[in-house]
Structures are given as structure tokens and as C-alpha cells.
Amino acid sequence: MQMQLVFLLLCQCLLSLGNPSNGSLDKNDQSRKSMQRKRCLADCHAPRDCSDIQQRGAPRDGVYIIYPAGPRAPLPVFCDMTTGGGPWTVFQRRFDGSVNFYRGWADYVHGFGHADGEYWLGLKHIHLLTLQRKYKLRVELEDFDNNATSASYAEFSLSPGAINAAEDGYSLHVAGFTDGGAGDSLTPHSGEKFSTLDKEQDRHAQHCAEYAKGAFWYHEYGCVSSNLNGDYLGSRPRSALMIGFIWSSWRGPDYSLKGSQMKIRPA
């Protein structure tokens, strides 16, 4: 895997520097080698996700810094350390409609919002995470009657095996559904490319992102079984069919939700 190779090369720099106390080096060379070893060691152990953060002794939910693109690219993320089976790295979080999710391709690739509020981590970051190791996905949902439910998937990745994930449309792969009460509204989207208002990549005759007022891995059979980045309708949750913030197998195709989280952990 690409990311495994990156971290392997970082760690190999330790070997290439040799022993800083080698008697053949003068004091200046020893000092320089020692500093380089410390930098390499820090690079080698940069936390890649929330499971790495927890292993460093962080017990509480909150915002932490991870490095899925390597140690020179810090990325804030919300870590759920307490939900069963965690820790979980949260890549999508909505709860009050304060952040507009009806956005273009660039925003969805790079991410938007803030990790301590509503946010989308970014397709390129999610992809890099899933290159490092195998992940499980948990989807949590809330309605306006304060009911909560979930769905889980034993496998989750974006563009697995693709040479260029962006050209592959950051296509979704999920498998191994387990029902936590929400039903399965994501498997029908598996294998599809991600579409936004300005980049149509779905196979439906209609422009699904434009029709559904969102951005998602829309499928060719009616666009939407779920639309977790859809239009936030707030206290008027009933919507036109398939338009809004939807998980159809739970509250139906015309109910727009109050909240959601999409989060991953190592399988």
C-alpha cells in the first residue's frame, strides 16, 4: 500500500543515519545525526488515526491532530473514544445545520467545516486513511424526536486499488452490513463515484447531486437510498421524495434527519 510504503521509508531513515555515538564522527556530526534521528523517530510515530491517538493515552472524545498524509501534514479530526468498539475517526458530522453541505468538488476533496462542530474531513484524507489499513464503518443517525440508531459495515474504503483515486471518483466500497436499527441504505451506493453540484459522476440520467441538493456516491437506480450530505431542512423534516438529509431505510425517503456521524476504526 502507498501509505505503508511512506511510513516504511520514514522509519528506514533511522537505519540510514547509523549510531549517533559512533566514535568515527566528530562532535558536530554526532549532534547533527542525533537531531536527525529524533526527527525521523517523531516522523515514524506520527499518529495516523484516532486509534493511534488512543494508544498514546488519550481517553476522551475530542479534537486531535492526525497525519494520514505523513508527518508534515497535520489534520484536525474529531475522535470518538467512547462509543462501543472504538476509538472511531469521525469523517462526517452533522447535528444542527450550521455548515452548508451543498458544495462543489474542491471542498469535498479537501474538506470543510471544523472538527469541533459540523464538518467533512475530505475525500483525499479519507482515501489516505483507508490506504493505511483495513477499516470498519459506523453510521450514526438522529431524528427530530431524539431517536438514535446506527448501521455498521465490516469493510469500508475509497477507490481501493485505484492508481489515481481522484480519477476513479473516490468510489465507495462497503461490505458486511450489520443492522443497529437503521437498516441498510448504503450498500446500494457501493461501487459508485462521488458526485457534487459541479462534478457529475453518477450513472443516473438525472444530475443526482443537483436534484438531491447534496453530494454523495449516488447510484443509477433513483440516485438516493441515503443522502447524508443532503440539504438540512431543520425543524421541517418532511421533504420532497429523496431530497434532503436522508437514510431511507430508517425514517423513509421523505424524512430529512437531524444528525449523522460517519466514523471508521481499524478492522
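Our structure's up above, just so we're on the same page.
**Student:** Sorry, what's going on with the overall build of the protein chain here?
**Tutor:** Along the backbone of the protein chain there are 7 helices and 11 strands. The buried share of the protein chain, taken over its 267 residues, is 50%. Of the contacts formed within the protein chain by residues at least 6 apart in sequence, a portion of 52% connects residues at least 24 apart.

**Student:** In this structure, what is going on with the environment of S260? I would like to understand it.
**Tutor:** Inspection of the secondary structure assignment puts S260 in strand β11 (residues 259-266). Taking the relative accessible area as the measure of exposure, S260 reaches 2% and is therefore buried. Taking the C-alpha atoms as reference points, S260 and F95, separated by 165 residues in sequence, lie 6.6 Å from one another. Apart from residues no more than four positions distant in its own chain, S260 is found in contact with Q92, R93, R94, E140, L141, L228 and F245. Side-chain polar atoms of S260 contact the side chain of Q92, separated by 2.8 Å.

**Student:** Could you clarify how one ought to interpret the environment of G113 in this entry?
**Tutor:** By secondary structure assignment, the location of G113 is in strand β4 (residues 112-113). In this structure the C-alpha to C-alpha distance between G113 and Q92, which are 21 residues apart in sequence, comes to 9.9 Å.

**Student:** How should I be thinking about the state of the cysteines in this particular structure?
**Tutor:** Taken as a whole, this structure holds 2 disulfides when the rule is applied. The disulfide partner of C50 is C79, and the gap between their sulfur atoms is 2.0 Å. The S-S bond linking C50 to C79 shows a torsion near -80°; that makes this disulfide left-handed. Of this pair, C50 sits in helix α3 (residues 50-55) while C79 sits in strand β2 (residues 75-80), and the two are 29 residues apart along the sequence. In this structure, C50 and C79 share a single accessibility class: buried. Between C208 and C223 runs a disulfide, and the two sulfur atoms are separated by 2.0 Å. Looking along the S-S bond of the C208-C223 disulfide, the torsion reads about -70°, which is the left-handed sense. Of this pair, C208 sits in helix α6 (residues 208-212) while C223 sits in the loop between α6 and β9 (226-227), placing them 15 residues apart in sequence. As far as burial versus exposure is concerned, C208 and C223 are alike and both buried.

Thresholds, definitions, all that
Counting of residues starts from 1 at the beginning of each chain's written sequence and follows it residue by residue. Residues qualify for local features only when their pLDDT is at least 70, as the model is predicted, and side-chain atom pairs are given and counted only at 80 or more; totals for whole chains, interfaces and linings, by contrast, use all residues. As a rule here, side-chain values come from all non-hydrogen atoms in the structure, and water together with hydrogens is ignored. Counting from the N terminus, the helices are DSSP H or I runs at least four residues long and the strands are E runs at least two residues long. Accessible area is worked out with a 1.4 Å probe on protein chains only. A residue is then buried under 20% of its type maximum, exposed over 50%, and partly exposed in between. We call two residues in contact when some of their heavy atoms are within 4.5 Å. N or O atoms closer than or at 3.5 Å make up a polar contact, with two conditions inside protein: a donor-capable atom paired with an acceptor-capable one, and, for residues adjacent in sequence, both atoms drawn from side chains. The disulfide definition used here is simple: a pair of cysteine sulfur atoms within 2.5 Å.

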